[in-house]
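Residue-level listing of the chains:
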Amino acid sequence: MIQPRRHSSLRIGFFRAVELTAALLGGRRLYHRVHLAPGRLLVRRERLELEGLPTALRGFTIAQLSDIHAGPFLARGDLDGVLRALDEEAPDVVCWTGDYVVHGPENMMPALDELCRCIGRRATFAVFGNHDYKGRRELKISEALMASGWQFLRNGGATVEVDGARVAFGGVEDLEEGKGVDFDRGAETFAGADVRVGLCHHPRGAPDFVQRGAHLVLSGHSHGTQVDLPWLRRLGPPHPGLRARLGRAALIVSRGLGVIGIPLRIGAPAEIVVVELVSARGGS
Ligand SMILES: [Fe+2]
Ligand SMILES: [Fe+2]
């Protein structure tokens, strides 16, 4: 577990005032036009090279979506660019790595119809982020989405099978706000799988999944620092970079789709990450 960051009521009040002012000045429309509209949203392509990858899994794609933070700056109609990108990419699996809301589950409901369509061809897996536990109402989020095929991996896993080859996915509760994080249960489907993928909102959990055999860990949380200016970086959570090597495994950190505080991103575009599984050079 990681000690959650707690702000003073004075600081929270200041942030709320800034957020409200930005919303009243049309921040949501501006954010959509600049970062989320079709043609503006970044589709970041990553390749995961694996030795001995079964033929059936070559070209298998995983789209990672993260940190939408529905609320003052993202609501109904703002995921049109995301839906278009998913239509074009047609990923096998969509993985959501948390932070669906800013203040609570009610933030998400205006965009619920669109979120229900942000799914993969074969499966859709999700974990919670620290923002989703506000008032311990995270179940409202998962209940609203599960009817459309989303599967929340709360210290648990699932597998996707393609012509006898297996891709295992595991997820854990958030390291800051989740009550009880259990990587052993999160990795329970890894045994015997051809490809093993861990979902953990906070990047600091990646080594725990790698110790349990993950080839790939998908995280979010940092927003790529959201405003990537040297003198502002320390205001946000630590950012380990967009892709890091952990032994023979890879950690991929999404910059996410939404924002908190201010409807502004600098040097950190809103993005979808599309990971393609490929056979390592020299692999059979
Ligand atoms: Fe976030
Ligand atoms: Fe977060």
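For the structure, check the block above.
In this text the structure is predicted, and so the values were computed from the model without any measurement. (Residues numbered from 1 in each chain as written. Chains lettered and ligands numbered in written order. Predicted model: local features only at pLDDT ≥ 70, side-chain atom pairs only at ≥ 80, totals over all residues. Heavy atoms only, no water.)

> Go over the sheet that holds strand β7 (residues 165–171), please, and point to the residues and values.
Taken in spatial order, the six strands of this open sheet run β6-β7-β8-β9-β11-β10, and their pairing is mixed. This sheet does not close on itself; its edge strands, each paired only once, are β6 (156–162) and β10 (243–246). Taking the axes of each pair of neighbouring strands and ignoring which way they run, one obtains an average angle of 20° across the sheet. Of the pairings in the sheet, the one linking β6 to β7 comprises seven bridges and is antiparallel in character. Within β7, the position partnered with Thr-159 by the bridge is Ala-168. (Pairing = 2+ DSSP bridges. Helix = DSSP H or I, 4+ residues; strand = E, 2+ residues; numbered from the N terminus. Axes fitted to C-alpha atoms, helices over the stretch in contact; angles between N-to-C directions.)

> Account for helix α3 (residues 80–89), with residues named and values stated.
Those residues of α3 that fall on the buried side of the exposure criterion are Gly-81, Val-82, Leu-83, Ala-85 and Leu-86. Backbone geometry just after α3 places Ala-90 at a positive phi near 45°. (Buried < 20%, exposed > 50% of the residue type's maximum accessible area, 1.4 Å probe, protein only.)

> Let's hear about the coordination of the iron ion (ligand 2): which residues, and what values?
When four donors bind a metal tetrahedrally, each ideal donor-metal-donor angle is 109.5 degrees, and when six bind octahedrally, the ideal angles are 90 or 180 degrees. The protein atoms that coordinate the iron ion (ligand 2) are Asp-99 (OD), Asn-130 (OD1), His-201 (NE2) and His-221 (ND1), at distances spanning 2.1 to 2.2 Å. Around the iron ion (ligand 2) sit four donor atoms, and with donor-metal-donor angles ranging over 90 to 158° the site reads as irregular. Between the two metals, the iron ion (ligand 2) and the iron ion (ligand 1), the spacing is 3.5 Å, and Asp-99 donates to both. Of the two residues, Asn-130 sits in the loop between β4 (123–127) and α5 (138–146) while His-201 sits in the loop between β8 (195–199) and α7 (206–211), which places them 71 residues apart along the sequence. Among the residues examined, His-201 registers a relative accessible area of 1% and is labelled buried. (Donors = N, O, S within 2.8 Å, 3.2 Å for Na, K, Ca; no water. Tetrahedral: all angles 85-135°; square planar, octahedral: opposite > 155°, others 65-115°.)

> An account of the coordination of the iron ion (ligand 1) is needed here, citing residue identities and associated values.
Coordination of the iron ion (ligand 1) by the protein involves Asp-67 (OD), His-69 (NE2), Asp-99 (OD) and His-223 (NE2), with metal-donor separations of 2.0 to 2.3 Å. Around the iron ion (ligand 1), the four donor atoms are arranged such that angles at the metal cover 90 to 176°; this shape is classified as irregular. Counting along the primary sequence, the residues that act as donors to the iron ion (ligand 1) give the motif D-x1-H-x29-D-x123-H. On the basis of relative accessibility, which here comes to 0%, the residue Asp-67 falls in the buried class. Among the residues examined, His-69 registers a relative accessible area of 1% and is labelled buried.

> Run through the pairing of strand β9 (residues 216–219), naming residues and quoting values.
Of the two faces of β9, the one holding Leu-216 and Leu-218 and the one holding Val-217 and Ser-219 are both buried throughout. For β8 and β9, the ladder comprises three bridges, and the chain directions are parallel. Within the sheet, the bridge partner assigned to Val-197 lies in β9 and is Leu-216. Regarding topology, α7 serves as the crossover connection from β8 to the parallel β9, and that connection is right-handed. Sheet analysis places β9 next to strand β11 (residues 249–253), joined by four bridges and oriented parallel. Directly across from Val-217, in β11, lies its bridge partner Leu-251. (Right-handed = clockwise from strand over helix to strand, strands pointing away.)

> Let's hear about unusual backbone geometry: which residues, and what values?
Positive phi values are uncommon outside glycine, yet Asp-67 reaches one of about 50°. Relative to the helices and strands, Asp-67 is located in the loop between β2 (61–65) and α3.

> Any details on the pairing of strand β12 (residues 271–279)? Residues and values, ideally.
Burial analysis of β12 places seven of its nine residues in the buried class, the great majority of the element. Note: strand β1 (residues 42–50) against β12, nine bridges, orientation parallel. Residue pairing in the sheet places Leu-50 in a bridge with Ser-279 of β12. Where β2 and β12 come together, four bridges link them in antiparallel fashion. By the bridge assignment, Thr-61 is partnered in β12 with Glu-276.

> Outline the side chain of Asp-174, supporting the account with residue identities and numerical values.
Relative to the helices and strands, Asp-174 is located in the loop between β7 and α6 (183–186). No salt bridge is formed by the buried Asp-174; the nearest opposite charge belongs to Arg-136, separated by 8.2 Å. Separated by 2.9 Å, the side chain of Asp-174 and the backbone nitrogen of Glu-176 make a polar contact. (Lys, Arg positive; Asp, Glu negative; His and termini not counted. Salt bridge = Lys/Arg side-chain N within 4 Å of Asp/Glu carboxyl O. Polar contact = N/O pair within 3.5 Å; in protein donor to acceptor, adjacent residues only side chain to side chain.)

> I'd like a rundown of the sheet that holds strand β5 (residues 150–152), residues and numbers included.
Strands sit in the order β1-β12-β2-β3-β4-β5 across an open sheet of six strands; the sheet is mixed. Edge positions in the open sheet fall to β1 and β5, since each of these has one partner strand only. In this sheet, adjacent strand axes meet at a mean angle of 25° when their direction is disregarded. Taken together, the three bridges between β4 and β5 define a ladder with parallel strand orientation. Residue pairing across strands places Phe-125 opposite Gln-151, the latter belonging to β5.

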